[in-house]
Amino acid sequence: MSKELFAAMYGMEHYHGVKALHVGDMLFLVKDPDNRRDQHAIKVVIPPIGTVGYIVNDPRLIPHGCWTGSDFYDIFSQQTCAKVRFAMKDMIIVELIEIVQVPVPHMDTFITGWQSREKA
C-alpha cells in the first residue's frame, strides 16, 4: 500500500477485550453487510478466535488521522488485512497493510461460518 491508512477499533469489550490485542498482531477486516445497525460495518477478525471488534464508523468518535469504515469500505472486496499499530486503554488503532483479497487457507470457510452463526 502506498499511503498509510489507519482506522480505530471499538467494541472489544463485547468480545475478548483490548488486552487480547497487541502491537504487531495481524488482523482481518471483513465486511459485515448483514449488520442491522451499520450498512458499512467492518468486523475485525482473528482466526481462529473470531470477531474481536469493529472498525469505528462514526466520524465524531475517530481519532485524528484515522479513517471511518465508510471511508474505505468500497476499496476492498470482502476482506483485507491490517496490523495493530497502537494499543491504548480502550482503543486500538490498526493500519491497513493490503487492500486485496487476502489469500489465507480456509478464510472463506471461516467467514461463511461466522456469517451463518450471526444470522441464526
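Residues numbered from 1 in each chain as written. Predicted model: local features only at pLDDT ≥ 70, side-chain atom pairs only at ≥ 80, totals over all residues. Heavy atoms only, no water.

Colleague: I'd like a rundown of the overall build of the chain, residues and numbers included.
Modeller: Looking only at helices and strands, the chain has 2 helices and 7 strands in total. Starting at the N terminus and walking to the C terminus, you meet the elements of the chain as β-β-β-β-β-α-β-β-α. Across the 120 residues of the chain, 48% fall into the buried class. Residue pairs in contact within the chain that sit at least 24 positions apart in sequence constitute 62% of those at least 6 positions apart. Surface summary for the chain: the accessible area is close to 7,100 Å², and the carbon and sulfur share equals 54%. (Helix = DSSP H or I, 4+ residues; strand = E, 2+ residues; numbered from the N terminus. Buried < 20%, exposed > 50% of the residue type's maximum accessible area, 1.4 Å probe, protein only. Contact = heavy atoms within 4.5 Å. Areas by Shrake-Rupley, 256 points an atom, 1.4 Å probe, with all protein chains shown as cover.)

Colleague: Quick rundown of the packing of aromatic side chains? Include the residues and the values.
Modeller: Following the criterion strictly, the structure yields 3 aromatic pairs and no others. Centre to centre, the rings of Y10 and Y54 are 6.4 Å apart; their planes meet at 40 degrees, and the pair counts as tilted. Of this pair, Y10 sits in strand β1 (residues 6–10) while Y54 sits in strand β4 (residues 50–55), and the two are 44 residues apart along the sequence. Overall, Y10 belongs to the partly exposed group, its relative accessible area being 40%. The class for Y54 is buried, based on a relative accessible area of 11%. Over the aromatic face of Y73 sits the side chain of K31, whose NZ or CZ is 4.4 Å from the ring centroid. A cation over an aromatic ring shows up here: K31 above the ring of F76, its NZ or CZ 5.2 Å from the ring centre. (Phe/Tyr/Trp six-rings, centres within 6.5 Å; stacked < 30°, edge-to-face > 60°. Lys NZ or Arg CZ within 6 Å of the ring centre and 35° of its normal.)

Colleague: Report on the pairing of strand β2 (residues 26–31), specifying residues and quantitative values.
Modeller: Across the 6 residues that make up β2, a large majority, 5, are buried. Sheet analysis places β2 next to strand β3 (residues 42–46), joined by 4 bridges and oriented antiparallel. Its bridge partner being in β3, L29 is matched across the sheet by V44. (Pairing = 2+ DSSP bridges.)

Colleague: I'd like a rundown of the nonpolar core, residues and numbers included.
Modeller: Judged by nonpolar contacts, the single largest core of 21 residues is most densely connected at M9, I55, F72 and V94. Counting residues per element, the ones that place at least two in this core are β1, β2, β3, β4, β6 (79–87) and β7 (92–98). What M9 contacts, discounting residues up to four positions off in sequence, is L21, L27, V44, V52, G53, Y54, I55, V56, M91, I92 and V94. If you look at the next biggest cluster of nonpolar residues, it comprises 7 residues, including F6, V56, M91 and I93. (Core = buried A, V, L, I, M, F, W, Y, C linked by side-chain atoms within 4.5 Å.)

Colleague: Kindly report on the pairing of β1, identifying the contributing residues and their values.
Modeller: With 4 of 5 residues buried, β1 lies mostly within the body of the structure. Of the pairings in the sheet, the one linking β1 to strand β5 (residues 66–67) comprises 2 bridges and is parallel in character. Bridge pairing links A7 to W67 in β5. The pairing of β1 with β4 spans 2 bridges and is antiparallel. By the bridge assignment for β4, M9 is matched with I55.

Take it as geometry only, folks, not as evidence of what the structure does.
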